[in-house]
Amino acid sequence: MEHKSYSGIYRIMHWAIAINMLLLLVTIFLRLTWMNKDNVADIIQNYLATKDQTLSRDELIVLAKQIRKPMWDWHIYLGYVLTGLFFLRLMLPFFGSMKFSNPFNNQLSTKVKFQYWVYLVFYFCFAISLITGLIIKFGPKDMKDFMEEIHELSLYYLIPFILIHLAGVFYAEFTSQQGLISKIISGKKSPKEQ
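Here we summarise the structure given alongside this text. (Residues numbered from 1 in each chain as written. Predicted model: local features only at pLDDT ≥ 70, side-chain atom pairs only at ≥ 80, totals over all residues. Heavy atoms only, no water.)

What about the pattern of salt bridges?
Under the defined criterion, the tally for this structure stands at four salt bridges. A salt bridge links D42 to R57, with the shortest nitrogen-to-oxygen separation between them at 2.8 Å. Of this pair, D42 sits in helix 2 (residues 37-50) while R57 is found in helix 3 (residues 57-91), placing the two residues 15 residues apart along the sequence. Residue classification places R57 among the partly exposed residues on the basis of a relative accessible area of 34%. A salt bridge links E148 to K144, with the shortest nitrogen-to-oxygen separation between them at 4.0 Å. Of this pair, E148 and K144 both sit in helix 5 (residues 144-152), four residues apart, which is roughly one turn of that helix. If you follow the salt bridges from partner to partner, you end up with D38, D42 and R57 in one network. (Salt bridge = Lys/Arg side-chain N within 4 Å of Asp/Glu carboxyl O. Helix = DSSP H or I, 4+ residues; strand = E, 2+ residues; numbered from the N terminus. Buried < 20%, exposed > 50% of the residue type's maximum accessible area, 1.4 Å probe, protein only.)

Here we look at the packing of helix 1 (residues 8-32) against helix 6 (residues 155-174)
Running from N to C, helix 1 and helix 6 cross one another at 130°; their axes reach a closest spacing of 12 Å. One element, helix 1, and the other, helix 6, form an angle in the oblique class. Crossing handedness for the pair helix 1 and helix 6: left-handed. Of helix 6, the residues touching helix 1 (which contributes H14, M21, L22, L25, I28 and L32) are L155, L158, I159, I162 and H165. Classifying every residue of the contact of helix 1 with helix 6 by side-chain character gives nine nonpolar, two polar and no charged. (Axes fitted to C-alpha atoms, helices over the stretch in contact; angles between N-to-C directions. Parallel < 35°, antiparallel > 145°, perpendicular 65-115°, else oblique. Left-handed = near helix turned anticlockwise from the far one by under 90°. Contact = heavy atoms within 4.5 Å. Nonpolar A, V, L, I, M, F, W, Y, C, P; charged D, E, K, R; others polar.)

Details of the environment of D58
Within the secondary structure layout, D58 lies in helix 3. The spacing of D58 and I131 is 73 residues in sequence and 31 Å in space, taken between C-alpha atoms.

Here we look at unusual backbone geometry
Backbone geometry places D52, a non-glycine residue, at a positive phi of 55°. Mapped onto the fold, D52 is located in the loop between helix 2 and helix 3. Here M98, not a glycine, exhibits a phi torsion of approximately 50°, which is positive. Summarising the element assignment, M98 is placed in the loop between helix 3 and helix 4 (110-138).

What to know about the side chain of R89
Tracing the backbone shows R89 in helix 3. Polar contacts involving the side chain of R89 include one to the side chain of Y123, which spans 3.1 Å. Apart from residues lying up to four places away in sequence, R89 is in contact with M13, I17, M98, K99, F100 and Y123. (Polar contact = N/O pair within 3.5 Å; in protein donor to acceptor, adjacent residues only side chain to side chain.)

In short, the description is geometric, and any link to function would need to be established separately.
Have a look at this one:
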C-alpha cells in the first residue's frame, strides 16, 4: 500500500488547476447549451416577434454573440490563469517540488505505470489546449480557424481524464489507500498511518 503525503504546494496547485478546469468546463457547457448563439438568437427573435419587430438572422447572431461575450471573456481569463498555473507546474520540479513520475521505471507495478502514462498524456494534451488557445487569441488570423478546431478537441480528452481520475481516486480511497481524499484536502495522514 502506498502512503503518499501531499505538501502544501502540491495541494494548492492540484486544487487551483482542478477548480480552474471545472470553471472552464462550465463556460464551455454554457456556450454549447443555453448560451449557444443560435439559442440566444432564437430567444431574441421570439421576443422581437411579440413587439412586431424583426432583425435578420445575421443581426440576431451578432447580438447573441454580444450578449454571451462577458461569459466567454471568463473562459479567456481562466485560460490565462490556467496557462500560468501550468507553467508554474512545469517549473516546480526544478525547485524540488512536484516532480514528474517516470513511467519507464521497471520497478513500478503495471497499475502505477498506467497512472503515470495517463498523467503524461494529460499534460501533453493540456499543453496543446493552452498553446492553441493562446494562438487563437494572439496568433496570426489565418491560423485561427485551424487552431480553434484543435482547441475544441480539448473537450474529448478533458472529460475522460476527469472521469478516469475520479474513478481512480474513489477506487483507491475504498480499497488500498483509505484517507487519500482527506490527505489531498488537508495534507494530514490518516490515523492508521501515524
